[in-house]
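Inside the fold
Listed below, chain by chain, are the residues.
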Amino acid sequence: MDKSLEEILQEAAEKFSAAGDSHALYEAKMTFLGKTGRVGALYKKLRELPESERPAFGAQINELRRAIEERVSAIEERLRERELAARLEQEQVDITMPGRSRKQGTLHPVTRVKNLLIDVFAGMGFEVFEGPEIETEYYNFTALNTPADHPARDMQDTFYLTDDLLLRTQTSAGQIRMMEQKKPPIKMLSPGRVFRSDDDATHSPMFHQMEGLVVDRGITLCDLQGMLDEFARVVFGKGSKTRLRPSYFPFTEPSVEVDVSCHACGGKGCSLCKGTGWIEVLGAGMVNRRVLENCGIDPDVYSGFAFGMGIERIAMLKYGINNIKLLTENDVRFLQQFKD
Amino acid sequence: MLLPYSWLKEYVDVDVTPEELQAKLFSCGFEVEELTCLGKDVVNVVTGRIVKTEKHPDADRLTVCQVDCGALGGRQIVTAATNVFEGAVVPVALDNSTVLHEGGVQKIRTGKLRGVVSEGMFCSGEELGINNDFYEGAEVNGILILDADTPLGADIRPVVGIDDWIFDIAVTANRPDCQSVFGMAREVAAALGKPLRAPATGYTARPTEVKITVEVQEPALCPRYIGNYVADVKIGTSPRWLRRRLALCGLRSVSDIVDITNYVLLELGQPMHAFDRDYLEGDGIVVRRAQKDETIVTLDEKSFTLSPDNLLICDRKKGVALAGIMGGLNSEIKADTKEVFFEAAKFARDCVRKTSRALGQRSDSSARFEKGVDAYTCAFAMDRALHLVEELGCGVPTSCRADVNAETLSPKVIEVSFAQIDDVLGIQVPHADMAAILTRLGFGVTASEGGMSVTVPLWREDVDGYPDLAEEIIRSYGYEHIVPTFLKNATVTRGGLSPAQKTEEKCKRVLQREGYMETCSYSFYSPKDFDLLRLPADAPERRAIRILNPIGEDLSVMRTVLAPSMLANIVRNVRRGNEEGRLFELANVYLAGQLPLTDLPEERKHISIGLWGGGDFFDLKGAVEAIAEAFDLRLSYVRTQKPFLHPGIAAAVMLGEKEVGWLGEVHPAVGEELALEKRVYLAELDYAALAKKFAKDITFRGVPRFPDAVRDLAVVVDESVTCAQIEECILSSCRAAKRAELFDVFRGAALGAGKKSMAFHITFAPEGDKAVTPELADSYFKKIVGALGKKLGAELR
């Protein structure tokens, strides 16, 4: 390489070494390799040389250029590493500081239990049917084999809007509307608000029920208990059992109260189950023949069972809520506990 | 229904403990709500005779008694009672005993009273938990003086009749026949497989010339009326055994004749009434509806004005009893009553109930009739009452009986096949067991081809088909025999939520993601809530449906708007010191077509959203926008005025031309009235209107080959120019502009008074196959700036 070119290379190497950061290095690099840089000037000079000298000098410039580029990239690499190290050093955060996210809301425990129950029964082929909350006496009582002089129709229990219209006292009213619309096979689940004129420490004038109904050929009490066992296992845990005992509802015959083995003590007896090992959770029975007849279904061909439970009661048992009033006070300290 | 154990044992030989009987009753459908052991808190109290009394040496008011407790030996007792005397037999609470005291239990030990040893205490009736009906003298002021021939040193409990158990049984509404001691005895006998002894009903009827006629004008309201004349009545006090039984069931003794009616009510479940015949004019009973404004004064000296809805028992001249509820004062049994006319009737239960409710007059009799009385038991009870009259010697039953009966007294017969029973139960109960169970319960059973012919006892009016028999069989046979099966024969069906129900759930999820907590509020509130919202008198929200019989005025109208409930929730939270919160409810409002209601009203789903602390109007608006986004709705917002919202921070939510809701800050004046120190933001959306326009499904649009281009634009405009106006101008002046999003608002002296700067991100989407080059974007930008200047006087900043 020509002496003068050697000097340029020497000068470049010194400048590059002196560059403290990538930017300074880039500036230095441009001094030599930029459009108007030193190497560029040599190429201009090349064009002024006689034809015969050009190839040799050209080769020398190319060699110089390659040599400068080599030196730059070596230093570039070193500087990048140093700078990255410095940046990483500087960018350390206090990883114990709180994260950022939008706080999710919650669903009401009654909705959660309702959805859980729907999930259980939908899987068994139950469709969800919601009847009106304001009902006629016919759907709420008469069609459900609750005669006009039955104590359940008393003004003490039912909120009336007119002589004939009332706030439904039970989701059973949905049974009739369903059976009027659809003929067997029927598997129906009817959740919703119900109303009773009752307001004390353990009763709310409004609460929720979930009604279930199956009407098909050859349905028996054994099927009722089999299905309730499945319900109990899903809602209260794998080892849960049910127990039937005689009761009375006008729209079922036979009628039963259904107890579930206490999930708190496993049936040994504790304060929750008052030492009995069992907790009353719902009412059920075989659909009364008259109810089927009222809906135009032949009770000699079809039979069925129905069950009804208070969703608040299940929610209180499941979550250990000790006061029904909490469910309608809507205190955020209560609601926020029901996260997904 | 109270069942004394000792009384039950008169009809059934019970060979199990009270606790075992409780379990037995539970399994066959009778829950014992409370089992009370009467004398359990009276322990180590015995009978003793006072053999000597002396004045206490140091206390004038105390007496030192030497007491002979028979085999237990002698005791010295110091007492302050003044009714003790030498020779008296009294209850003695020995050292280490317990008695009742002021609602609790008191322990008694040997101690000294003013220096003199007292080895226990004498007891009053109250300390043993008894009244005069258990033992005459129990209510005197002082010590209970027992009969002189009482054995000494004996446990006091059997002596005063508190060695007993009371079963408080919940009887279901279909079993009125079990609302009596004998009715329950039938069940107990069947459950234990023991014979049943019926109460004696025999008596000798003295022939008489007296004729008392009964005329029932309303057989539907009074299906059976039996009357019987009793002569030579001598009113006295009932014997101790009878008074005690009344007392065990919480009734007080009045006089023997009246006690007999109450006794029969408890024993057989048949309410009875006794008239003083002297005061029955015309020797006839007429059962009729009361005339309008007819009055009667009942035994408790209350006066009632009646209507034709009320059934009245009359003599030939006047009303003498409110049917099934209470007798009249005018024919009351008095100490000098000489002749009695007994009544045992069946009155229709809803007639008694409606009259009782309407007049506010209740009695043991009305409570019993409301549950239902059967025609068979009327005659049984009358015979029993007459037997007791003879047994007690308080009168002479006569042959003068009237019996007006509109019911058939031949029993129902049900033909049932074994297969029918099996099909209900799903298991096969052995046929012999079926027959044995029914027979024990009083049914007549004869075998028939493949089944049974079952005669239903007359007192079982609830049984009328084979499912009832199936229930009788399985409750005795035991539900534990049911073998769970999983819908063995059922058809497979499709289950789950309907699309509309799924949409509601999705909407809740959207709000939940936005940080809102779901609430649940009553469907009714106070009409005052409309005043709180300062709604004008003709506001549609005030057309609320009223409940005829609300719990109180506060819960008396059905919701037409959810906001008051949300506001109440927020007030409650703020008062409890909850600094911030986001709440929502998705529930029905009830909209009357016509008031008063003639038809089922519309139930319409609304969404209510509330926010306080930690957010403002735009956070709330974000929730509404999130719903719109989730369901692909294009909502717009226009300034609105609502009496309960801040006039400058209130918007109507528009879906096309239709108003579908509102949102805003609660008016400061409303906030002040509620003592809310925080700004509160509320929204309410007509969910049903929104749901109609929800996107049904996803429609795919092609993905452009070229990326969007974004330019930022800041313009200075007059304060009156709105964000929506600028946005609309941007989008309408350039087709390629797909979105204009406000990201900054700035006001400052440099801009001049009444001016503001608003900055937008504008997104240009490529049209067709043409990329948005920087040059193209520049030209769009220029066009937009031109339009903004022309239409809104905006200047590029």
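The structure presented is a predicted model; accordingly, all values stated were derived computationally and were not measured. (Residues numbered from 1 in each chain as written. Chains lettered and ligands numbered in written order. Predicted model: local features only at pLDDT ≥ 70, side-chain atom pairs only at ≥ 80, totals over all residues.)

Another aspect to go through is the overall build of chain B. The helix and strand tally for chain B stands at 21 helices and 38 strands. Oriented by its inertia axes, the alpha-carbon framework of chain B measures out at about 125 × 85 × 60 Å. Every one of the 797 residues in chain B was classed for burial, and the buried ones make up 42%. Counting only contacts in chain B whose residues sit at least 6 apart along the sequence, the fraction spanning at least 24 positions is 70%. (Helix = DSSP H or I, 4+ residues; strand = E, 2+ residues; numbered from the N terminus. Buried ≥ 20, exposed ≤ 12 C-beta atoms within 10 Å, placed from the backbone. Contact = placed C-beta atoms within 7 Å.)

A word on the pairing of strand β15 (residues 284-289) of chain B. Residues and elements named next belong to chain B. In this sheet, β15 lies alongside strand β12 (residues 213-216) in parallel orientation, the contact comprising 4 bridges. Residue pairing across strands places Thr213 opposite Gly284, the latter belonging to β15. Taken together, the 4 bridges between β15 and strand β18 (residues 311-314) define a ladder with antiparallel strand orientation. Each residue of the ladder has a partner; that of Val287, found in β18, is Ile313. (Pairing = 2+ DSSP bridges.)

On to the sheet that holds strand β22 (residues 396-405) of chain B. Residue and element names in this part refer to chain B. The antiparallel open sheet is built from 4 strands, whose spatial order is β14-β21-β13-β22. The strands lining the two open edges of the sheet, one partner per strand, are β14 (272-276) and β22. Averaged over all adjacent pairs, the angle separating strand axes in this sheet is 20°, with direction ignored. Of the pairings in the sheet, the one linking strand β13 (residues 224-231) to strand β21 (residues 340-346) comprises 7 bridges and is antiparallel in character. Note on β21: the bridge partner recorded for Arg224 is Lys346. (Axes fitted to C-alpha atoms, helices over the stretch in contact; angles between N-to-C directions.)

We now examine the domain arrangement of chain B. Domain annotation for chain B reports domain 1 (2-38 + 165-192), domain 2 (43-160), domain 3 (213-405), domain 4 (413-480), domain 5 (499-692) and domain 6 (709-796). The distance between the C-alpha centroids of domain 4 of chain B and domain 6 of chain B comes to 86 Å. (Domains from an automatic or database assignment.)

Here we take up the domain arrangement of chain A. The domains assigned to chain A are domain 1 (3-90) and domain 2 (109-335). Placing a centre on the C-alpha atoms of domain 1 of chain A and another on those of domain 2 of chain A gives a separation of 88 Å.

Residues and elements named next belong to chain B. At a minimum axis separation of 9 Å, helix α14 (residues 499-513) and helix α17 (residues 617-630) run at an interaxial angle of 135°. The orientation of α14 with respect to α17, classified from their angle, is oblique. Considering how the two elements wind past one another, α14 and α17 form a crossing that is right-handed. Note on element contacts: α17 touches α14 through Ala623, Ala626, Ile627 and Ala630, opposite Lys506, Cys507, Val510 and Leu511. For the contact of α14 with α17, the class distribution of residues is 7 nonpolar, no polar and 1 charged. (Parallel < 35°, antiparallel > 145°, perpendicular 65-115°, else oblique. Left-handed = near helix turned anticlockwise from the far one by under 90°. Nonpolar A, V, L, I, M, F, W, Y, C, P; charged D, E, K, R; others polar.)

Taken together, the 7 strands give an open sheet; going across it, the order is β1-β4-β5-β9-β8-β7-β6 (chain A), and neighbouring strands pair in mixed fashion. Both edges of this open sheet fall to β1 (127-128) and β6 (242-249) of chain A, since each of them pairs with a single strand only. Bridge analysis of β1(A) against strand β4 (residues 186-195) of chain A gives 2 bridges, and the strand direction is parallel. What sits directly across from A:Glu127, in β4(A), is A:Met188. In the packing of helix α7 (residues 173-181) of chain A onto the sheet, contacts are made with β4, β5 (206-216) and β9 (303-310) of chain A, and the angle to β5(A) comes to roughly 40°. On the sheet, helix α13 (residues 466-477) of chain B packs against β6, β7 (252-261) and β8 (278-287) of chain A and is oriented at approximately 35° with respect to β7(A).

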